[in-house]
Amino acid sequence: MKTILQQVIEKKQKEESALQVKKQEKENSRRDFFRKATLGGIGLGAMMGASIEDTLAHTTSKVNKFSSPSDLKITDMRVAVIKNVGRTPIIRIDTNQGIYGLGDVRDGGDERYALMLKSRILGENPCNVEKIFKIIRQFGHHGRQGGGVCAVEMALWDICGKAYGVPAWQLLGGRYRDQVRLYADTPGFNDPKEFAAVMKERTEVQGFTWLKMDLGIHLVANQKDALNNSEFWNGAKGQYDTRDYMSYGSTLHPFTHVQINEKGLEGLAEYVENVRSAVGYEIPLSADHFGHFDINNSIRFGRAMDKYRLAWLEDMVPWMYTDQWRTVSDALETPTCTGEDIYLLKGFKSLIDKRAVDVIHPDLGTSGGLLETKRIGDYAEENGVAMAMHMAGSPICFMANVHCAAATQNFLSLEHHSVDTPWWEKLVIMTGSQPMITKGFANVPLDAPGLGVELNEEVVKEHLHPDAPGYFEPTPEWDEKRSWDRLWS
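This section reports on the structure supplied with the text. (Residues numbered from 1 in each chain as written. Predicted model: local features only at pLDDT ≥ 70, side-chain atom pairs only at ≥ 80, totals over all residues. Heavy atoms only, no water.)

With that settled, consider the nonpolar core. Counting 130 residues, the largest nonpolar core has Ile91, Ile93, Leu215, Phe301, Leu310 and Phe398 as its most contacted members. In terms of residue count, helix 6 (residues 147-164) provides more of this core than any other element does, 12 residues in total. Beyond its immediate stretch of four places on either side in the chain, phenylalanine 398 contacts Leu182, Met391, Leu414, Glu415, His416, Trp424, Met436, Ile437 and Ala442. By size, the runner-up hydrophobic cluster in this structure holds seven residues, among which are Tyr183, Cys337, Val359 and Ala388. (Core = buried A, V, L, I, M, F, W, Y, C linked by side-chain atoms within 4.5 Å. Buried < 20%, exposed > 50% of the residue type's maximum accessible area, 1.4 Å probe, protein only. Helix = DSSP H or I, 4+ residues; strand = E, 2+ residues; numbered from the N terminus. Contact = heavy atoms within 4.5 Å.)

So, in C-alpha coordinates, the structure goes:
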(Lines give C-alpha, C1' and ligand atoms only; values in the text may rest on other atoms or scores of the structure.)
Protein backbone atom coordinates (compact mmCIF):
# COMPACT_ATOMS: atom_id res chain seq x y z
CA MET A 1 0.00 0.00 0.00
CA LYS A 2 1.06 3.55 -0.77
CA THR A 3 1.93 5.77 2.13
CA ILE A 4 0.04 9.01 2.67
CA LEU A 5 3.14 10.92 1.57
CA GLN A 6 3.34 9.00 -1.72
CA GLN A 7 -0.35 9.67 -2.39
CA VAL A 8 0.13 13.40 -1.75
CA ILE A 9 3.17 13.52 -4.10
CA GLU A 10 1.30 11.71 -6.93
CA LYS A 11 -1.67 14.04 -6.58
CA LYS A 12 0.65 17.05 -6.76
CA GLN A 13 2.33 15.65 -9.88
CA LYS A 14 -1.02 15.06 -11.60
CA GLU A 15 -2.16 18.61 -10.81
CA GLU A 16 1.09 20.07 -12.18
CA SER A 17 0.82 17.90 -15.30
CA ALA A 18 -2.78 18.99 -15.92
CA LEU A 19 -1.74 22.64 -15.45
CA GLN A 20 1.04 22.23 -18.02
CA VAL A 21 -1.41 20.70 -20.53
CA LYS A 22 -3.82 23.62 -20.10
CA LYS A 23 -0.99 26.16 -20.56
CA GLN A 24 0.21 24.38 -23.67
CA GLU A 25 -3.31 24.22 -25.11
CA LYS A 26 -3.76 27.95 -24.50
CA GLU A 27 -0.41 28.74 -26.14
CA ASN A 28 -1.21 26.49 -29.10
CA SER A 29 -4.59 28.18 -29.48
CA ARG A 30 -2.96 31.61 -29.46
CA ARG A 31 -0.32 30.57 -32.00
CA ASP A 32 -2.95 28.92 -34.18
CA PHE A 33 -5.01 32.09 -34.24
CA PHE A 34 -2.08 34.24 -35.32
CA ARG A 35 -1.07 31.65 -37.92
CA LYS A 36 -4.53 31.56 -39.44
CA ALA A 37 -4.97 35.32 -39.25
CA THR A 38 -1.66 35.91 -40.99
CA LEU A 39 -2.13 33.26 -43.66
CA GLY A 40 -5.70 34.34 -44.26
CA GLY A 41 -4.71 37.92 -44.97
CA ILE A 42 -5.71 39.82 -41.79
CA GLY A 43 -3.16 42.55 -41.07
CA LEU A 44 -2.33 42.51 -37.34
CA GLY A 45 0.68 44.81 -37.34
CA ALA A 46 -1.31 47.85 -36.30
CA MET A 47 -2.98 45.97 -33.44
CA MET A 48 0.02 44.43 -31.70
CA GLY A 49 -0.24 46.91 -28.87
CA ALA A 50 -3.76 45.73 -28.03
CA SER A 51 -4.62 42.84 -25.77
CA ILE A 52 -5.22 39.43 -27.29
CA GLU A 53 -8.90 39.73 -26.34
CA ASP A 54 -9.25 43.11 -28.10
CA THR A 55 -7.39 41.81 -31.12
CA LEU A 56 -9.60 38.74 -31.33
CA ALA A 57 -12.75 40.83 -31.08
CA HIS A 58 -11.57 43.29 -33.74
CA THR A 59 -10.30 40.82 -36.29
CA THR A 60 -13.19 38.39 -36.05
CA SER A 61 -16.04 40.89 -35.90
CA LYS A 62 -16.68 40.65 -39.64
CA VAL A 63 -15.37 37.14 -40.27
CA ASN A 64 -17.76 34.43 -41.36
CA LYS A 65 -18.00 32.32 -38.20
CA PHE A 66 -18.41 29.20 -40.32
CA SER A 67 -15.18 29.91 -42.23
CA SER A 68 -11.53 29.52 -41.43
CA PRO A 69 -10.07 31.54 -44.31
CA SER A 70 -6.50 30.32 -43.95
CA ASP A 71 -7.68 26.70 -44.24
CA LEU A 72 -9.83 27.21 -47.34
CA LYS A 73 -9.07 24.98 -50.32
CA ILE A 74 -10.52 24.96 -53.83
CA THR A 75 -12.22 21.61 -54.45
CA ASP A 76 -14.19 21.99 -57.69
CA MET A 77 -15.20 24.15 -60.66
CA ARG A 78 -18.49 23.76 -62.53
CA VAL A 79 -20.33 25.64 -65.28
CA ALA A 80 -23.81 26.74 -66.34
CA VAL A 81 -24.20 28.52 -69.71
CA ILE A 82 -27.05 31.01 -70.14
CA LYS A 83 -28.60 32.69 -73.21
CA ASN A 84 -27.21 36.15 -72.53
CA VAL A 85 -25.96 38.16 -75.54
CA GLY A 86 -25.66 34.91 -77.45
CA ARG A 87 -24.13 32.81 -74.70
CA THR A 88 -22.48 33.57 -71.36
CA PRO A 89 -20.89 30.80 -69.26
CA ILE A 90 -21.14 31.23 -65.49
CA ILE A 91 -18.62 29.31 -63.39
CA ARG A 92 -18.89 28.23 -59.76
CA ILE A 93 -15.76 27.52 -57.72
CA ASP A 94 -16.38 25.37 -54.63
CA THR A 95 -14.28 25.01 -51.48
CA ASN A 96 -13.79 22.56 -48.63
CA GLN A 97 -15.84 24.78 -46.30
CA GLY A 98 -19.00 25.11 -48.35
CA ILE A 99 -18.22 28.67 -49.46
CA TYR A 100 -18.36 29.13 -53.23
CA GLY A 101 -17.72 31.94 -55.69
CA LEU A 102 -19.29 32.92 -59.03
CA GLY A 103 -17.75 34.39 -62.19
CA ASP A 104 -18.49 35.04 -65.90
CA VAL A 105 -16.51 33.81 -68.93
CA ARG A 106 -17.63 36.99 -70.69
CA ASP A 107 -20.44 37.28 -73.21
CA GLY A 108 -19.91 35.15 -76.31
CA GLY A 109 -17.09 33.23 -74.60
CA ASP A 110 -16.33 29.53 -74.28
CA GLU A 111 -16.59 27.81 -70.89
CA ARG A 112 -13.53 25.74 -71.76
CA TYR A 113 -11.39 28.85 -71.35
CA ALA A 114 -12.18 28.52 -67.63
CA LEU A 115 -12.46 24.76 -67.30
CA MET A 116 -8.90 24.19 -68.52
CA LEU A 117 -7.74 26.26 -65.53
CA LYS A 118 -9.42 23.95 -63.01
CA SER A 119 -6.46 21.59 -62.73
CA ARG A 120 -4.16 24.57 -62.01
CA ILE A 121 -6.17 25.89 -59.06
CA LEU A 122 -7.46 22.76 -57.28
CA GLY A 123 -6.12 22.64 -53.74
CA GLU A 124 -5.14 26.32 -53.69
CA ASN A 125 -6.42 28.73 -51.04
CA PRO A 126 -8.89 30.97 -52.94
CA CYS A 127 -8.02 33.93 -50.72
CA ASN A 128 -4.56 34.03 -52.31
CA VAL A 129 -6.08 35.83 -55.27
CA GLU A 130 -2.95 37.44 -56.67
CA LYS A 131 -0.92 34.23 -56.39
CA ILE A 132 -3.56 32.23 -58.28
CA PHE A 133 -3.90 35.01 -60.85
CA LYS A 134 -0.17 34.79 -61.57
CA ILE A 135 -0.49 31.00 -61.97
CA ILE A 136 -3.26 31.24 -64.57
CA ARG A 137 -2.80 34.58 -66.35
CA GLN A 138 -0.53 33.03 -69.02
CA PHE A 139 -3.58 31.13 -70.29
CA GLY A 140 -5.56 34.30 -71.06
CA HIS A 141 -5.35 36.59 -74.06
CA HIS A 142 -7.12 39.49 -75.72
CA GLY A 143 -10.81 39.37 -76.61
CA ARG A 144 -12.93 36.49 -75.37
CA GLN A 145 -9.81 34.42 -74.69
CA GLY A 146 -9.31 36.41 -71.48
CA GLY A 147 -12.71 35.27 -70.24
CA GLY A 148 -11.54 32.15 -68.40
CA VAL A 149 -8.88 33.87 -66.31
CA CYS A 150 -11.24 36.74 -65.50
CA ALA A 151 -14.09 34.41 -64.51
CA VAL A 152 -11.82 32.63 -62.03
CA GLU A 153 -10.54 35.94 -60.63
CA MET A 154 -14.12 37.21 -60.08
CA ALA A 155 -15.08 34.00 -58.30
CA LEU A 156 -12.01 34.19 -56.03
CA TRP A 157 -12.93 37.67 -54.81
CA ASP A 158 -16.49 36.44 -54.24
CA ILE A 159 -15.17 33.61 -52.05
CA CYS A 160 -12.67 35.81 -50.23
CA GLY A 161 -15.29 38.42 -49.41
CA LYS A 162 -17.68 35.77 -48.13
CA ALA A 163 -14.95 34.17 -46.01
CA TYR A 164 -14.12 37.46 -44.29
CA GLY A 165 -17.63 38.90 -44.37
CA VAL A 166 -16.76 42.03 -46.39
CA PRO A 167 -17.73 43.36 -49.85
CA ALA A 168 -15.24 42.89 -52.67
CA TRP A 169 -14.64 46.64 -52.97
CA GLN A 170 -13.28 46.64 -49.41
CA LEU A 171 -10.67 44.05 -50.38
CA LEU A 172 -9.60 46.30 -53.28
CA GLY A 173 -8.77 49.14 -50.89
CA GLY A 174 -12.11 50.79 -50.22
CA ARG A 175 -14.65 52.76 -52.22
CA TYR A 176 -14.90 56.23 -53.73
CA ARG A 177 -18.65 56.13 -54.36
CA ASP A 178 -21.86 54.50 -53.13
CA GLN A 179 -23.51 54.49 -56.56
CA VAL A 180 -22.07 53.66 -59.96
CA ARG A 181 -23.25 55.66 -62.96
CA LEU A 182 -24.55 53.50 -65.83
CA TYR A 183 -24.84 54.06 -69.56
CA ALA A 184 -27.33 52.28 -71.79
CA ASP A 185 -27.58 51.72 -75.53
CA THR A 186 -30.12 53.70 -77.52
CA PRO A 187 -32.19 51.37 -79.76
CA GLY A 188 -32.10 52.41 -83.40
CA PHE A 189 -35.33 53.76 -84.94
CA ASN A 190 -35.67 55.57 -88.23
CA ASP A 191 -38.89 57.30 -87.14
CA PRO A 192 -37.87 60.35 -85.03
CA LYS A 193 -41.15 60.27 -83.07
CA GLU A 194 -40.72 56.62 -82.16
CA PHE A 195 -37.10 57.24 -81.23
CA ALA A 196 -38.06 60.23 -79.05
CA ALA A 197 -40.54 58.05 -77.15
CA VAL A 198 -37.84 55.46 -76.44
CA MET A 199 -35.43 58.16 -75.27
CA LYS A 200 -38.05 59.52 -72.91
CA GLU A 201 -38.34 56.01 -71.42
CA ARG A 202 -34.56 55.76 -71.07
CA THR A 203 -34.10 59.10 -69.34
CA GLU A 204 -37.29 60.02 -67.50
CA VAL A 205 -38.54 56.56 -66.52
CA GLN A 206 -35.39 54.42 -66.31
CA GLY A 207 -33.31 57.34 -65.10
CA PHE A 208 -30.20 56.94 -67.26
CA THR A 209 -27.92 59.98 -67.35
CA TRP A 210 -25.53 58.63 -70.01
CA LEU A 211 -26.43 56.99 -73.33
CA LYS A 212 -24.62 55.27 -76.20
CA MET A 213 -25.73 54.66 -79.78
CA ASP A 214 -24.64 52.55 -82.73
CA LEU A 215 -23.46 54.99 -85.40
CA GLY A 216 -22.17 52.84 -88.21
CA ILE A 217 -22.06 53.02 -91.99
CA HIS A 218 -24.83 50.40 -91.96
CA LEU A 219 -27.23 53.29 -91.29
CA VAL A 220 -26.59 54.75 -94.76
CA ALA A 221 -25.49 51.62 -96.64
CA ASN A 222 -28.74 51.45 -98.62
CA GLN A 223 -28.53 55.08 -99.75
CA LYS A 224 -27.25 55.45 -103.31
CA ASP A 225 -23.64 56.68 -103.51
CA ALA A 226 -23.22 56.88 -99.72
CA LEU A 227 -20.28 54.45 -99.66
CA ASN A 228 -17.51 53.18 -101.90
CA ASN A 229 -16.54 49.49 -102.14
CA SER A 230 -19.22 48.22 -99.74
CA GLU A 231 -20.92 45.82 -102.16
CA PHE A 232 -17.77 43.69 -102.38
CA TRP A 233 -17.83 43.03 -98.67
CA ASN A 234 -20.63 40.78 -97.44
CA GLY A 235 -21.47 42.34 -94.09
CA ALA A 236 -20.51 45.96 -94.64
CA LYS A 237 -24.21 46.81 -94.24
CA GLY A 238 -24.28 45.47 -90.69
CA GLN A 239 -24.95 42.13 -88.92
CA TYR A 240 -21.71 40.72 -90.28
CA ASP A 241 -20.47 37.20 -89.57
CA THR A 242 -17.05 36.76 -87.91
CA ARG A 243 -16.81 32.96 -88.28
CA ASP A 244 -15.33 33.20 -91.79
CA TYR A 245 -11.67 34.20 -91.44
CA MET A 246 -11.73 36.16 -94.71
CA SER A 247 -15.09 37.87 -94.10
CA TYR A 248 -15.68 41.59 -93.60
CA GLY A 249 -16.24 41.04 -89.88
CA SER A 250 -12.85 39.32 -89.53
CA THR A 251 -10.87 41.79 -91.66
CA LEU A 252 -8.96 44.54 -89.84
CA HIS A 253 -10.22 48.02 -90.63
CA PRO A 254 -7.33 49.31 -92.79
CA PHE A 255 -7.61 46.35 -95.14
CA THR A 256 -11.17 46.74 -96.47
CA HIS A 257 -10.74 50.11 -98.23
CA VAL A 258 -14.41 50.88 -97.69
CA GLN A 259 -14.83 54.65 -97.91
CA ILE A 260 -17.55 57.12 -96.91
CA ASN A 261 -18.75 59.66 -99.45
CA GLU A 262 -20.09 63.13 -98.66
CA LYS A 263 -23.63 61.84 -99.13
CA GLY A 264 -22.96 59.15 -96.53
CA LEU A 265 -21.59 61.67 -94.05
CA GLU A 266 -24.65 63.89 -94.59
CA GLY A 267 -26.94 60.93 -93.87
CA LEU A 268 -25.06 60.06 -90.68
CA ALA A 269 -25.09 63.68 -89.54
CA GLU A 270 -28.85 63.81 -90.06
CA TYR A 271 -29.25 60.67 -87.93
CA VAL A 272 -27.22 62.15 -85.07
CA GLU A 273 -29.13 65.41 -85.36
CA ASN A 274 -32.37 63.50 -84.76
CA VAL A 275 -30.86 61.70 -81.77
CA ARG A 276 -29.58 64.92 -80.22
CA SER A 277 -32.99 66.55 -80.76
CA ALA A 278 -34.57 63.73 -78.78
CA VAL A 279 -31.90 63.46 -76.07
CA GLY A 280 -30.71 67.05 -75.75
CA TYR A 281 -27.15 68.15 -75.00
CA GLU A 282 -27.05 67.74 -71.20
CA ILE A 283 -26.82 63.94 -71.35
CA PRO A 284 -23.46 62.50 -72.52
CA LEU A 285 -23.98 60.53 -75.75
CA SER A 286 -21.31 58.05 -76.85
CA ALA A 287 -21.06 56.27 -80.21
CA ASP A 288 -19.86 52.84 -81.36
CA HIS A 289 -19.94 50.25 -84.20
CA PHE A 290 -18.87 52.52 -87.04
CA GLY A 291 -17.74 49.83 -89.46
CA HIS A 292 -14.43 48.65 -90.87
CA PHE A 293 -12.67 51.54 -92.59
CA ASP A 294 -9.25 53.19 -92.26
CA ILE A 295 -8.02 56.19 -90.26
CA ASN A 296 -8.57 58.63 -93.12
CA ASN A 297 -12.29 57.87 -93.12
CA SER A 298 -12.28 57.77 -89.32
CA ILE A 299 -11.04 61.36 -89.28
CA ARG A 300 -13.56 62.51 -91.90
CA PHE A 301 -16.33 60.76 -89.96
CA GLY A 302 -15.17 62.19 -86.63
CA ARG A 303 -14.91 65.77 -87.91
CA ALA A 304 -18.47 65.55 -89.25
CA MET A 305 -19.57 64.55 -85.70
CA ASP A 306 -17.57 67.14 -83.75
CA LYS A 307 -20.40 69.68 -83.68
CA TYR A 308 -22.69 67.23 -81.85
CA ARG A 309 -20.35 67.02 -78.84
CA LEU A 310 -20.40 63.24 -78.51
CA ALA A 311 -18.95 61.85 -75.28
CA TRP A 312 -16.61 59.56 -77.21
CA LEU A 313 -16.06 57.76 -80.51
CA GLU A 314 -15.36 54.12 -79.69
CA ASP A 315 -13.22 51.53 -81.52
CA MET A 316 -12.92 53.46 -84.78
CA VAL A 317 -9.74 51.48 -85.56
CA PRO A 318 -8.45 48.26 -83.92
CA TRP A 319 -7.07 48.86 -80.42
CA MET A 320 -3.54 47.55 -81.18
CA TYR A 321 -2.81 50.31 -83.72
CA THR A 322 -1.56 52.78 -81.13
CA ASP A 323 0.01 55.25 -83.56
CA GLN A 324 -3.12 55.29 -85.72
CA TRP A 325 -5.19 56.02 -82.62
CA ARG A 326 -2.89 58.92 -81.79
CA THR A 327 -3.32 60.29 -85.31
CA VAL A 328 -7.12 60.07 -85.07
CA SER A 329 -7.23 61.57 -81.57
CA ASP A 330 -4.99 64.49 -82.52
CA ALA A 331 -7.22 65.28 -85.52
CA LEU A 332 -10.52 65.39 -83.60
CA GLU A 333 -12.11 67.51 -80.89
CA THR A 334 -14.42 64.63 -79.92
CA PRO A 335 -12.84 62.28 -77.31
CA THR A 336 -11.71 58.86 -78.53
CA CYS A 337 -12.11 55.57 -76.68
CA THR A 338 -11.00 51.93 -76.94
CA GLY A 339 -10.11 48.93 -74.79
CA GLU A 340 -12.92 46.38 -74.48
CA ASP A 341 -10.78 43.64 -76.07
CA ILE A 342 -7.47 44.33 -74.28
CA TYR A 343 -6.01 41.81 -71.83
CA LEU A 344 -4.02 43.02 -68.78
CA LEU A 345 -2.48 46.39 -67.90
CA LYS A 346 0.45 45.58 -70.19
CA GLY A 347 -1.91 45.79 -73.17
CA PHE A 348 -3.13 49.26 -72.16
CA LYS A 349 0.21 50.86 -71.35
CA SER A 350 1.16 51.94 -74.87
CA LEU A 351 -2.21 53.63 -75.45
CA ILE A 352 -1.95 55.44 -72.12
CA ASP A 353 1.73 56.33 -72.32
CA LYS A 354 1.34 57.86 -75.79
CA ARG A 355 -1.98 59.51 -74.87
CA ALA A 356 -3.37 57.81 -77.98
CA VAL A 357 -6.96 57.88 -76.70
CA ASP A 358 -8.86 60.12 -74.29
CA VAL A 359 -10.81 57.36 -72.54
CA ILE A 360 -9.83 53.75 -71.88
CA HIS A 361 -12.69 51.26 -71.93
CA PRO A 362 -11.75 47.88 -70.39
CA ASP A 363 -14.16 44.98 -70.17
CA LEU A 364 -13.50 43.38 -66.80
CA GLY A 365 -14.33 40.01 -68.35
CA THR A 366 -11.28 40.37 -70.62
CA SER A 367 -8.96 42.89 -68.94
CA GLY A 368 -7.95 40.63 -66.04
CA GLY A 369 -10.72 40.81 -63.45
CA LEU A 370 -11.30 43.20 -60.57
CA LEU A 371 -7.79 43.88 -59.27
CA GLU A 372 -6.09 44.10 -62.67
CA THR A 373 -8.81 46.44 -63.97
CA LYS A 374 -8.39 48.67 -60.93
CA ARG A 375 -4.65 48.71 -61.67
CA ILE A 376 -5.43 49.71 -65.26
CA GLY A 377 -7.65 52.53 -64.01
CA ASP A 378 -5.04 53.70 -61.50
CA TYR A 379 -2.31 53.74 -64.16
CA ALA A 380 -4.56 55.73 -66.50
CA GLU A 381 -5.41 58.17 -63.70
CA GLU A 382 -1.71 58.86 -63.10
CA ASN A 383 -1.45 59.81 -66.77
CA GLY A 384 -4.58 61.98 -66.93
CA VAL A 385 -6.77 59.46 -68.78
CA ALA A 386 -10.33 58.63 -67.71
CA MET A 387 -11.83 55.12 -67.57
CA ALA A 388 -15.27 53.92 -68.63
CA MET A 389 -16.17 50.22 -68.42
CA HIS A 390 -17.65 47.94 -71.09
CA MET A 391 -20.01 45.19 -69.86
CA ALA A 392 -22.36 42.82 -71.69
CA GLY A 393 -22.29 39.85 -69.32
CA SER A 394 -24.59 38.38 -66.69
CA PRO A 395 -25.46 40.11 -63.39
CA ILE A 396 -22.47 38.29 -61.87
CA CYS A 397 -20.01 40.14 -64.09
CA PHE A 398 -22.08 43.31 -63.73
CA MET A 399 -21.67 43.29 -59.95
CA ALA A 400 -17.95 42.53 -60.27
CA ASN A 401 -17.74 45.70 -62.37
CA VAL A 402 -19.72 47.65 -59.78
CA HIS A 403 -17.22 46.75 -57.04
CA CYS A 404 -14.26 47.65 -59.28
CA ALA A 405 -15.85 50.94 -60.36
CA ALA A 406 -16.56 51.83 -56.75
CA ALA A 407 -12.87 51.33 -55.91
CA THR A 408 -11.42 53.26 -58.88
CA GLN A 409 -11.31 57.05 -58.75
CA ASN A 410 -11.09 58.03 -62.45
CA PHE A 411 -14.19 56.00 -63.38
CA LEU A 412 -16.80 57.62 -65.65
CA SER A 413 -19.63 55.20 -66.46
CA LEU A 414 -20.41 51.47 -66.70
CA GLU A 415 -22.35 49.84 -69.53
CA HIS A 416 -25.68 48.16 -68.77
CA HIS A 417 -26.18 46.15 -71.92
CA SER A 418 -29.28 44.13 -70.96
CA VAL A 419 -31.59 46.88 -69.78
CA ASP A 420 -34.29 45.69 -72.22
CA THR A 421 -34.06 42.01 -71.20
CA PRO A 422 -36.83 41.53 -68.61
CA TRP A 423 -35.40 38.37 -67.02
CA TRP A 424 -31.76 39.52 -66.84
CA GLU A 425 -31.88 41.12 -63.39
CA LYS A 426 -33.95 38.20 -62.07
CA LEU A 427 -31.05 35.79 -62.69
CA VAL A 428 -29.68 36.75 -59.26
CA ILE A 429 -30.85 37.57 -55.76
CA MET A 430 -29.17 40.48 -53.97
CA THR A 431 -27.79 39.39 -50.59
CA GLY A 432 -27.70 42.91 -49.15
CA SER A 433 -30.43 45.39 -48.31
CA GLN A 434 -30.31 47.41 -51.56
CA PRO A 435 -31.65 46.67 -55.04
CA MET A 436 -29.15 46.16 -57.85
CA ILE A 437 -30.13 49.31 -59.78
CA THR A 438 -31.97 52.50 -58.88
CA LYS A 439 -32.84 55.02 -61.63
CA GLY A 440 -29.82 54.57 -63.88
CA PHE A 441 -27.32 53.95 -61.09
CA ALA A 442 -26.03 50.65 -59.68
CA ASN A 443 -26.00 50.49 -55.90
CA VAL A 444 -22.65 49.53 -54.39
CA PRO A 445 -23.25 46.70 -51.86
CA LEU A 446 -22.47 48.08 -48.41
CA ASP A 447 -23.76 45.24 -46.25
CA ALA A 448 -23.24 42.12 -48.37
CA PRO A 449 -20.05 40.03 -48.59
CA GLY A 450 -18.20 39.13 -51.79
CA LEU A 451 -19.93 40.28 -54.97
CA GLY A 452 -23.23 40.65 -53.10
CA VAL A 453 -25.37 38.30 -55.21
CA GLU A 454 -26.47 34.67 -55.37
CA LEU A 455 -27.98 32.92 -58.36
CA ASN A 456 -31.75 32.59 -58.63
CA GLU A 457 -31.63 28.90 -59.53
CA GLU A 458 -35.10 28.60 -61.04
CA VAL A 459 -34.65 31.59 -63.36
CA VAL A 460 -31.15 30.54 -64.43
CA LYS A 461 -32.43 27.07 -65.34
CA GLU A 462 -35.15 28.68 -67.49
CA HIS A 463 -32.51 30.45 -69.56
CA LEU A 464 -29.82 27.81 -69.99
CA HIS A 465 -28.29 27.72 -73.46
CA PRO A 466 -29.54 24.76 -75.53
CA ASP A 467 -26.03 23.70 -76.55
CA ALA A 468 -25.02 23.39 -72.87
CA PRO A 469 -28.18 22.50 -70.94
CA GLY A 470 -26.54 21.27 -67.71
CA TYR A 471 -26.73 23.23 -64.45
CA PHE A 472 -23.34 23.01 -62.73
CA GLU A 473 -22.80 19.38 -63.64
CA PRO A 474 -19.62 17.61 -62.39
CA THR A 475 -16.46 18.26 -64.43
CA PRO A 476 -13.98 15.53 -63.34
CA GLU A 477 -12.47 15.36 -66.82
CA TRP A 478 -10.79 18.72 -66.12
CA ASP A 479 -9.20 17.70 -62.80
CA GLU A 480 -5.86 16.41 -64.06
CA LYS A 481 -3.00 18.71 -64.98
CA ARG A 482 -0.99 17.15 -67.79
CA SER A 483 1.48 19.86 -68.82
CA TRP A 484 4.52 21.68 -67.47
CA ASP A 485 3.48 25.32 -67.58
CA ARG A 486 6.70 27.21 -66.79
CA LEU A 487 7.56 29.73 -69.50
CA TRP A 488 11.31 29.89 -68.86
CA SER A 489 14.32 27.58 -68.45
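Once the structure has been displayed, the description carries forward.
This part takes up unusual backbone geometry. The backbone of histidine 289 shows a phi angle near 60°, a positive value even though the residue is not glycine. Among the residues examined, histidine 289 registers a relative accessible area of 45% and is labelled partly exposed. Of note in the backbone geometry, phenylalanine 472 takes a positive phi value of approximately 50° without being a glycine. Note on placement: phenylalanine 472 falls in the segment after helix 16 (457-462). In this structure phenylalanine 472 comes out as buried when scored by relative accessible area, which is 5%.

On the basis of which strands lie adjacent, the open sheet formed by three strands has the order 1-2-3 and antiparallel pairing. In this open sheet, the two strands that pair with only one neighbour each are strand 1 (74-82) and strand 3 (100-104). Going across the sheet, the axis of each strand differs from the next one's by a mean of 20°, ignoring polarity. One ladder, built from five bridges, connects strand 2 (residues 88-95) with strand 3; its direction is antiparallel. Each bridged residue has a counterpart across the sheet, and for isoleucine 91 the counterpart in strand 3 is glycine 103. (Pairing = 2+ DSSP bridges. Axes fitted to C-alpha atoms, helices over the stretch in contact; angles between N-to-C directions.)

With that settled, the discussion passes to the packing of aromatic side chains. If you walk through the whole model with that rule in mind, you get eight aromatic pairs. Ring geometry for phenylalanine 232 and tryptophan 233: centres 5.2 Å apart, planes at 85°, overall edge-to-face. Classification of tryptophan 233 as buried rests on a relative accessible area of 13%. Note on tyrosine 471 and phenylalanine 472: the rings are 4.8 Å apart at their centroids and 70° apart in plane angle, and the pair reads as edge-to-face. (Phe/Tyr/Trp six-rings, centres within 6.5 Å; stacked < 30°, edge-to-face > 60°.)

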